[in-house]
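The lines below spell out each chain.
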Amino acid sequence: MACSRPVKLMSLPSPLLLVLVLMLTSLAKAQRLTETITEFYLQDLASGSNATVIPITGIKNKPLSFTSFGTIFALDDPITVTPDKSSTEIGRAQGIMVASSLSGSNVHVSMSFAFSNGSSLEIQGTSRQFERYKELSVVSGTGTFRYARGYATLESIYYDNRTSYSIIRCTTRIILS
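Residues numbered from 1 in each chain as written. Predicted model: local features only at pLDDT ≥ 70, side-chain atom pairs only at ≥ 80, totals over all residues. Heavy atoms only, no water.

Q: Looking at this structure, I do not really get the pattern of salt bridges. What am I missing?
A: Two side chains carrying opposite charge are able to pair once their charged atoms lie near each other. Taken as a whole and judged by the stated rule, the model has 6 salt bridges. One salt bridge in this structure joins E155 and R132, with 2.8 Å as the shortest N-O distance. On the criterion of sequence distance, the pair formed by E155 in strand β8 (residues 149-160) and R132 in the loop between β6 (120-128) and β7 (133-142) is long-range, its members being 23 residues apart. Looking at R132, the relative accessible area reads 57%, which means it is exposed. (Salt bridge = Lys/Arg side-chain N within 4 Å of Asp/Glu carboxyl O. Helix = DSSP H or I, 4+ residues; strand = E, 2+ residues; numbered from the N terminus. Buried < 20%, exposed > 50% of the residue type's maximum accessible area, 1.4 Å probe, protein only.)

In structure tokens:
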């Protein structure tokens, strides 16, 4: 059985030594990353003249609804600090949603949390409509959130069936590079 000997760093070829040093530096930096948790609220209105989410198009002769496969929605929800509708607005949740499952149970979401300070978080993924907590990926960001990655959890904490108004708590857990 062959015995392995420790490798002396100085005996490594110069390019290999450089790669090793860069890998160790990168690993050390990765261990210093910290998680940032934010919580805010989306004020979502799906009916009336001031609707913030509306159907754009769908399959001919099918209803335009969140459970109707192929329906595409545009959204522009206010983002507030607290659940109160009159709370300070700190940005807008803007993007598109597509009813993407034949069963009507999922929508695909692609949206930006565009904050008033010019920063944004980019959100993407499948929203499982009938689950209490919907988890989506944070795939990037700009400004304060440049190179962000992580996930966002969405939870409807209030819904008025008569007006189609809901308040959605959004908690993001992100790592910044």
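Structure shown, so let's carry the discussion forward.
Q: Looking at this structure, how should I read the pairing of strand β3 (residues 72-80)?
A: Each regular strand shows side chains that alternate between the opposite faces of the sheet. Where strand β1 (residues 35-45) lies against β3, 2 bridges are found, and the strand directions are antiparallel. Paired with Y41 across the bridge in β3 is T80. The sheet contact formed by strand β2 (residues 53-57) and β3 spans 4 bridges and is antiparallel. Paired with V53 across the strands is L75, a residue of β3. Where β3 and strand β4 (residues 89-99) come together, 9 bridges link them in antiparallel fashion. Paired with L75 across the two strands is G95, which belongs to β4. (Pairing = 2+ DSSP bridges.)

Q: Help me out: how do you make sense of the side chain of S101 in this one?
A: Checked against the element boundaries, S101 lands in the loop between β4 and β5 (106-115). A residue is classified by how much of its surface remains accessible, and S101, at 13% relative accessible area, is buried. Polar side-chain contacts of S101 include one of 3.0 Å to the backbone nitrogen of N106. Excluding anything up to four places from it in sequence, S101 contacts F69 and N106. (Polar contact = N/O pair within 3.5 Å; in protein donor to acceptor, adjacent residues only side chain to side chain. Contact = heavy atoms within 4.5 Å.)

Q: Help me understand unusual backbone geometry, please; the structure alone is not making it clear to me.
A: Working note: non-glycine residues mostly have negative phi, and peptide bonds are mostly trans. The phi torsion at N61 lies on the positive side, around 70°, for a residue other than glycine. Checked against the element boundaries, N61 lands in the loop between β2 and β3. You will see that S164, though not glycine, has its phi angle at about 60°, which is positive. Turning to its location among the elements, S164 is positioned in the loop between β8 and β9 (165-175).

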